[in-house]
Amino acid sequence: MDFAFGSADEGFRAEARAWLEGHLVGGYAELAGVGGPGSEHLGGGVRRAWERELGSGGWIGLGWECAEGAYGNRAGSLTQQVVWAEEYARVRAPGRVGHIGENLLAPTLIAAGDEAQRRRFLPAIARGEELWCQGYSEPEAGSDLAGLRTVAVRDGGGHRVSGQKIWTSLAGEADWCFVLARTDPGERRHRGLSFLLVPMDQPGRIEVRPIRQMSGTAEFNEVFFDGARAPHVVGGEGAGWRVAMGLLARERGVSTLVQQIGFAAELAAVIDEAVRCGSLRDPVLRAQLVRQWAELQVMRWNALRTLGAAGDAGAPSVAKLLWGGWHQRLGELAMRVRGAAAVLGPVDWSARAPYELDALQRLFLFTRADTLYGGSDEIQRNIIAERVLGLPRLER
């Protein structure tokens, strides 16, 4: 694939760079690098204000497949989306709290929603005013999403939702949640599901409980629905599985390249640590770090190869398998380069602060989940086997 940036892209890059330099100041600049995996719950108020700043600058919705300005967004070419992502990562701008609405919900509404839903929700997302979370996984239906038990019954012009979701990122900050629920109890598995839009501000009907992880952070949540009102269904009742699978396919693409820019920064930090503590002299560790760098280049070229391609059923699963294992191995290397010192915290532990970790320790602990969340490795391999290789479907 011949992937290159043209003069228009470089002009766009200069515009993006100038805007970021002029607006990433004050309290926003203090959040440099904050809000990524393992710290998604930090800096909520300022990061929410940063979303509105991005919206006022016209930087939300560049990848939406609709006419420019149709819903308050500025259209951007595929290469311009990559340029913006690269510049955003280069200055270590705050982790986005609006990415679920911008990159998952909005494209889904454009593809499967009705015009009233698009006009209600997309402009608010483009302005950075409304935040979203995703209600898919459940305690007994994580990777096997078709086994979910959350139910929704018709109530007037909408539905009432009851059940539990888990591993819900940003649930405590979100204004809305898109929820996959069973609306036809007579159907099994992926049939009879609907894709519902649920406002989160429903006291007594919705409860959010943070989940503290072994890294000491709590960016994930449990969400309990007790007859919560869901005034919108996307794609029609019973079409939830089709809509949900279309949304999951959008989790890749440009976002994969953005992720890899962050990976490169983490790898550089691990290499710096290896130099600092002298472990780079170990030929085995040195070879492992070189391999890690080479695999990251392969992932980048694979992402560029599949960027904008349609009809490749296995591409999202291949991407997830590649980066999940790579990132987990990086976390292990982050500890290996330190040797025995890896078990020591950055400050002495005390009764007031018994659990403090540095960035590389958080990286190691958080990456233990990389091969599980977003679809476990086993599920991704099943998808490739069934949808790409044509092997018999796994009986469930």
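This section reports on the structure supplied with the text. (Residues numbered from 1 in each chain as written. Predicted model: local features only at pLDDT ≥ 70, side-chain atom pairs only at ≥ 80, totals over all residues. Heavy atoms only, no water.)

What follows is about the nonpolar core. Formed by 47 residues in total, the largest nonpolar core has its most connected members in Trp-50, Trp-64, Trp-84, Trp-132, Phe-178, Phe-195 and Leu-197. Counting residues per element, the ones that place at least two in this core are helix H1 (7-23), helix H2 (44-56), helix H3 (78-90), helix H4 (99-112), helix H5 (115-126), strand S4 (176-182), strand S5 (193-199) and helix H6 (240-249). Contacts of Phe-178, omitting those with residues within four sequence positions, involve Ile-100, Leu-104, Leu-105, Trp-132, Cys-133, Gln-134, Gly-135, Tyr-136, Phe-195, Leu-196, Leu-197 and Leu-247. Of all hydrophobic cores here, the second largest spans 18 residues; its members include Val-270, Leu-296, Trp-323 and Ala-342. (Core = buried A, V, L, I, M, F, W, Y, C linked by side-chain atoms within 4.5 Å. Buried < 20%, exposed > 50% of the residue type's maximum accessible area, 1.4 Å probe, protein only. Helix = DSSP H or I, 4+ residues; strand = E, 2+ residues; numbered from the N terminus. Contact = heavy atoms within 4.5 Å.)

With that settled, the discussion passes to unusual backbone geometry. Most peptide bonds take the trans form, and the phi angle of most residues other than glycine is negative. Phi is positive for Trp-167, which is not a glycine, with a value near 60 degrees. The residue Trp-167 is located in the loop between strand S3 (158-165) and S4 in this model. One non-glycine residue, Leu-170, lies in positive phi territory at about 60 degrees. Here Leu-170 shows up in the loop between S3 and S4.

Mapped onto the elements, Ser-194 comes out in strand S5. In terms of polar contacts, Ser-194 uses its side chain to reach the side chain of Thr-183, at 2.7 Å. In contact with Ser-194, not counting residues within four places along its chain, are Val-179, Leu-180, Ala-181, Thr-183, Val-233, Gly-236, Glu-237, Gly-238 and Gly-240. (Polar contact = N/O pair within 3.5 Å; in protein donor to acceptor, adjacent residues only side chain to side chain.)

Turning next to the packing of helix H9 (residues 315-336) against helix H11 (residues 377-388). It is the contact of H9 with H11, at a shortest axis distance of 9 Å, that shows an interaxial angle of 145 degrees. You can see that H9 and H11 cross each other, and the crossing is left-handed. Facing Ser-317, Val-318, Lys-320 and Leu-321 of H9, the residues of H11 in contact are Asp-377, Gln-380, Arg-381, Ile-383 and Ile-384. Across the contact of H9 with H11, the residue classes tally to 4 nonpolar, 2 polar and 3 charged. (Axes fitted to C-alpha atoms, helices over the stretch in contact; angles between N-to-C directions. Left-handed = near helix turned anticlockwise from the far one by under 90°. Nonpolar A, V, L, I, M, F, W, Y, C, P; charged D, E, K, R; others polar.)

Right, let's talk about the packing of H4 against H5 for a bit. Contact pair H4 / H5: the axes reach a minimum separation of 10 Å and the direction vectors enclose 160 degrees. Relative to H5, the element H4 lies roughly antiparallel. Considering only the axes of H4 and H5, their crossing is left-handed. Where H4 approaches H5, its residues Gly-101, Glu-102, Leu-105, Ala-106, Leu-109 and Ile-110 are matched on the opposing element by Gln-117, Arg-118, Phe-121, Leu-122 and Ile-125. (Parallel < 35°, antiparallel > 145°, perpendicular 65-115°, else oblique.)

Moving on, we come to H2. For H2, spanning 13 residues, the distance from its first C-alpha to its last is 19 Å, which sits close to the expected 18 Å at 1.5 Å a residue. Listed in full, the buried residues belonging to H2 are Arg-47, Ala-49, Trp-50, Glu-51, Leu-54 and Gly-55. Those residues of H2 that are buried lie in contact with H1, H3 and H5. Looking one or two residues beyond H2, the residue adopting positive phi is Gly-58, at roughly 80 degrees. (Expected span 1.5 Å × (residues − 1).)

Three- or four-residue spacings in an α-helix give side chains the same orientation, since the helix completes a turn every 3.6 residues. Helix length check: helix H8 (residues 283-306) (24 residues) gives 35 Å between terminal C-alpha atoms against 34 Å at 1.5 Å per residue, within 8%. Those residues of H8 not exposed but buried are Leu-285, Leu-289, Gln-292, Glu-295, Leu-296, Met-299, Asn-302, Ala-303 and Leu-304.

What follows deals with the environment of Arg-291. With respect to the element layout, Arg-291 can be found in helix H8. Look at Arg-291 and you get exposed, because its relative accessible area is 57%. Along the primary structure Arg-291 and Arg-229 are separated by 62 residues, whereas in three dimensions their C-alpha atoms are 51 Å apart.

With that settled, the discussion passes to the pairing of S3. In this sheet, S3 lies alongside strand S2 (residues 151-155) in antiparallel orientation, the contact comprising 5 bridges. Within S3, the residue paired with Arg-154 across the bridge is His-159. Taken together, S2 and the strand that follows it, S3, pair antiparallel across an intervening segment of 2 residues, in which Gly-156 is found at a positive phi of about 65 degrees. Bridge analysis of S3 against strand S7 (residues 220-230) gives 7 bridges, and the strand direction is antiparallel. In the sheet register, Lys-165 faces S7, and the bridge partner there is Val-223. (Pairing = 2+ DSSP bridges.)

Evaluated as defined, the whole model comprises 16 aromatic pairs. On the basis of an interplanar angle of 65 degrees and a centroid distance of 5.7 Å, the ring pair of Phe-12 and Trp-59 is categorised as edge-to-face. With Phe-12 in helix H1 and Trp-59 in the loop between H2 and H3, the pair connects residues that are 47 residues apart, well separated along the chain. For Phe-12, a relative accessible area of 7% translates into the label buried. In this structure Trp-59 comes out as buried when scored by relative accessible area, which is 2%. Ring centres of Phe-263 and Trp-323 lie 6.3 Å apart, and the angle between their planes is 50 degrees; on these two criteria the pair is classed as tilted. (Phe/Tyr/Trp six-rings, centres within 6.5 Å; stacked < 30°, edge-to-face > 60°.)

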